[in-house]
Amino acid sequence: MELFRIHGGARLEGRKSLTAHKPTQIAPIPSVLHIPVQQHVGEPAEPIVHVGDHVRKGQLIAASKKKISAPIHASTSGKIARIGDHQAPHPSGLPVLTITLEPDGKDEWTDLPPPIDLEKATSDEIAARVSDAGVVGMGGAAFPAAVKLNLGQRSKLETLIINGAECEPYLTCDDRLMQERPEKIVLGIRAMMQALRVQKSLVAIEGNKPQAVAAMSRECAKAIGIEVVEVPARYPMGSAKHLVQALTGKETPAKSRIADLGVLVHNVGTAYAVYEALYLGRPLISRIVTVSGHAIKNPGNYEVLIGTSIAYLVDLCGGMTSKPDQLFMGGPMMGIPLPDLDVPVVKGTLGVLALKAEKMHAQPVMPCISCGSCVIVCPAGLTPLEMASRIKHDDVEGAAKIGLNDCISCGSCNYVCPSHIPLVQYFNYGKGFLAERAKEKSNQERMKALAERRSKRDEDRRKELEKKHEEAKRRHAESIPQSGLESAT
Amino acid sequence: MTTYAPVPGGPYMRKNKSVQRSMVLVMLALLPATAYGFYLYGWPSIILFSVTLASAFAFEVVCLKIRNQPIQIFAFDGSAIVTAWLIAVSLPPWAPWWIGVLGSAIAIVIGKHPYGGLGQNVFNPAMVARVALLISFPLEMTIFIKPIPIISEMAPSLGDSLGIIFGGASYDAFTSASLLGTIRTELGQGMVISDILRDSYQPLAWMIGNATGSLGEGAALLLTAGGIFLIYHRVITWHIPVSTIASIAIIAALFHLIDASRYPDAMVHVFTGATFLTAFFIATDPVTSPMSPRGQLFFGAALGLLIYILRTWSVYPEGASFAILIMNALTPMIDRYLRPRIFGRTYKGEPLKSEKRP
Ligand code: SF4
Ligand code: SF4
């Protein structure tokens, strides 16, 4: 298939060989699970169980009432020990409402809904089942998946792109999934195509995963309309908009959605979760996580129950060889820092990485030499050096004028900068600042609107009173002379 | 009032690259052409080169001390050495020692640190030095010599060389004018190009660098090899060198077509003078050239035009350094107007029009 050029991009050191050849192992059930009620983009789910309740595996424990939200299920059977704040993997580092489950070790399933009959199922039924199963985007973004399956009705879609690019270094969870369970992924893709009413699906896999390409190609050949496309290993190929551009040549206009181009992107992991929800009736209660980095004794891939603590996972890998210099969740380019190991695995956890300084090439920050490397690699077409220098000089607005809000925080600029300037940290600060200000502004506007409404209401009331008053006066005035006249006549 | 405070977080991985590494690569890239220059011009050129580099390092350390900057980090970033190297290779190979020292002083003390040091200067420090020297010491800066390979009988010994560089010993027997200088002078005397170049039209010798000129500017092929090495290692991109050379070649060819008796052909302009040194090593200085590929293409094209104009009509037949300074001054403006296109937007920054879908 013909591929299209994407703007910018960097060739990264993959470092995937640490785990790419290791089969996924099923992690045993830990002694305690901390399951946050918000593991997705959107509104948190609301707990529907109480402390002391016994729950079974797969049972709904927190329901979603809002449109953009996802329900949460018990990862195994056991007792609800606590409902309260707990550390969660979130950039803010703030604790999140969390349901603590003490497993009883029986791992007893709740009564699962029967498999969906895809011959007869409507789009809505498929989307509803996926929604009930709490499936979210498994590529890290964790956007409720069902919302993106309902789009078929509103926009006319042509192509479903399945993102198996896995462009971040170290991570191999999608690679392993595609190697080990390709037939299930393909079943998931077919169901999604049916829900979206599209005839064509492209599975994009970076060329550095030949085994995944082979396995998926073998399975896709058996299905109609699904094609595997090998894409170059060029970061950030897995960014949805860039993947769409590489595969279709279409560039998503600013402020538009990819769906407006007739294309939709879902992750391979999501396709697998959709398969489990539809064919087995199982909610999303586990996922594959890559545990890697040179500070981990035996790096590997584990299928882990949601809520398992990172510490437990690291122990499964034989612990740390030495104190890591960086510990984070996700890939090294866009991952988020972990305060410590007492944080649970959530639906969007791709990996847990413990890196050593010598492998990160951390070096002292030097002044910008305007080498332009950051400009060349920026996939968003920005000028990172200028934005950073404006932010540094307290001119966040100036940075916004040259596109700060178009930055996708991919970190490519940061990766190539020979002066080791922490560019992304500037941008995150700048974006936080702009978001804060936008919120303040909208608050102010709300207040202003409120005040205006109130003064208008007062005004109206005053006018009404005046009118009544006038009326009364007139009537009074009319009545007097009339009576006068009357009396006169 | 906002004050920037870094937000902790990734990325946690970097390319194994540094300013120092880039500088070392630039030096490596310059090495073949420079070594060839040493071969052609012998001991005096080696002494001048060493004096220039050593003094630049000393000035750098002094400036960093005065500005209270960490010497450990900055003195060894290699930038001062590269600057001095570029000055040295663009000097007449047997210039007196103080020309080299003064050049380093101007570049480092005036051209670099007053702006804030590494990365902050508006003008290419090496070219600031060269232009200042050209204007102040036109005589010393234009006494070129014929190539006399270091291995030949004629070449001065180490002792003689010390005398030439430090003692002002005369070497009139060896001097010669550069080709561009000759063309300029003889055109002025009413001769036509074909007569001027009758004996000296030797494109092959020019390409190799076996022609009168500055220490390291002649060896077009070796400089090109160095440039390709830098492009391969992503220290520079192809945009500036290609657009500069192409621009000079096209303009020269055009004028040659118009009047071959007054305007030498493209070969002369491309392969003599400092064209290759300028295109690959000086115009590509990251600090003083545009940041985006579009800007760089424009920069190179305009630079080629300016070099041609200055060589042809100004009093300085070696106009490249002036042209560089002018383009350096224009760089902030180029950067403002020739930005890359933002993903999903037009060059003006408006969202792309979405195709209407049913
Ligand atoms: S990559 Fe770094 S040094 Fe180069 S221009 Fe960008 S910010 Fe400056
Ligand atoms: S982090 Fe932002 S500015 Fe840097 S390369 Fe990515 S999109 Fe461009």
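Our structure is the block above this text.
What counts, and at which threshold
Residues numbered from 1 in each chain as written. Chains lettered and ligands numbered in written order. Predicted model: local features only at pLDDT ≥ 70, side-chain atom pairs only at ≥ 80, totals over all residues. Heavy atoms only, no water. Pairing = 2+ DSSP bridges. Helix = DSSP H or I, 4+ residues; strand = E, 2+ residues; numbered from the N terminus. Contact = heavy atoms within 4.5 Å. Axes fitted to C-alpha atoms, helices over the stretch in contact; angles between N-to-C directions. Near = heavy atom within 4 Å. Nonpolar A, V, L, I, M, F, W, Y, C, P; charged D, E, K, R; others polar. Phe/Tyr/Trp six-rings, centres within 6.5 Å; stacked < 30°, edge-to-face > 60°.

Colleague: Please set out the sheet that holds strand β15 (residues 326-329) of chain A residue by residue, giving values where relevant.
Modeller: Residues and elements named next belong to chain A. Pairing is mixed across the open sheet formed by 6 strands, whose spatial order is β1-β14-β13-β17-β15-β16. Each of the sheet's edge strands pairs with one partner strand only, and the pair in question is β1 (25-26) and β16 (336-337). Pairing of β15 with strand β17 (residues 351-355) involves 4 bridges; the strand directions are antiparallel. Paired with Q326 across the strands is L355, a residue of β17. Each of β13 (286-292) and β14 (300-305) is contacted by helix α2 (residues 173-180), which is oriented at about 125° to β13, the strand it contacts most.

Colleague: Which residues make up the site of ligand 2, and what values do they have?
Modeller: Residue and element names in this part refer to chain A. Around ligand 2 there are 14 residues in total, and C378, C407, C410, G411 and C413 lie nearest to it. Contributions of two or more residues to the shell around ligand 2 are made by α10 (384-392), α12 (412-416) and α13 (423-488). Its residues assigned to classes, the shell around ligand 2 shows 11 nonpolar, 3 polar and no charged.

Colleague: Residues and numbers for the packing of aromatic side chains, please.
Modeller: In this description, a pair of aromatic rings is defined by centroid distance and the angle of the planes. Residue and element names in this part refer to chain B. In this structure the tally under the stated criterion is 21 aromatic pairs over all chains. Centroid distance Y36 to Y39: 6.0 Å. Interplanar angle 25°. Geometry classified as stacked. Highlighted residues: Y36 and Y39, both in helix α1 (residues 19-66), separated by 3 residues, approximately one helical turn. Every member of this aromatic cluster is reached through a ring pair, and the members are F255, Y263, Y308 and W313.

Colleague: An account of the sheet that holds strand β4 (residues 54-55) of chain A is requested, with residue identities and associated values reported.
Modeller: Two orientations exist for strands paired in a sheet by backbone hydrogen bonds: parallel and antiparallel. Residue and element names in this part refer to chain A. Spatially, 4 strands are ordered β2-β8-β7-β4 in an open sheet, and the strand pairing comes out antiparallel. Edge positions in the sheet fall to β2 (33-36) and β4, since each of these pairs with one other strand and no more. Both β2 and strand β8 (residues 96-103) contribute to a ladder of 4 bridges, which runs antiparallel. Considered in β8, the bridge of P36 is made with T98.

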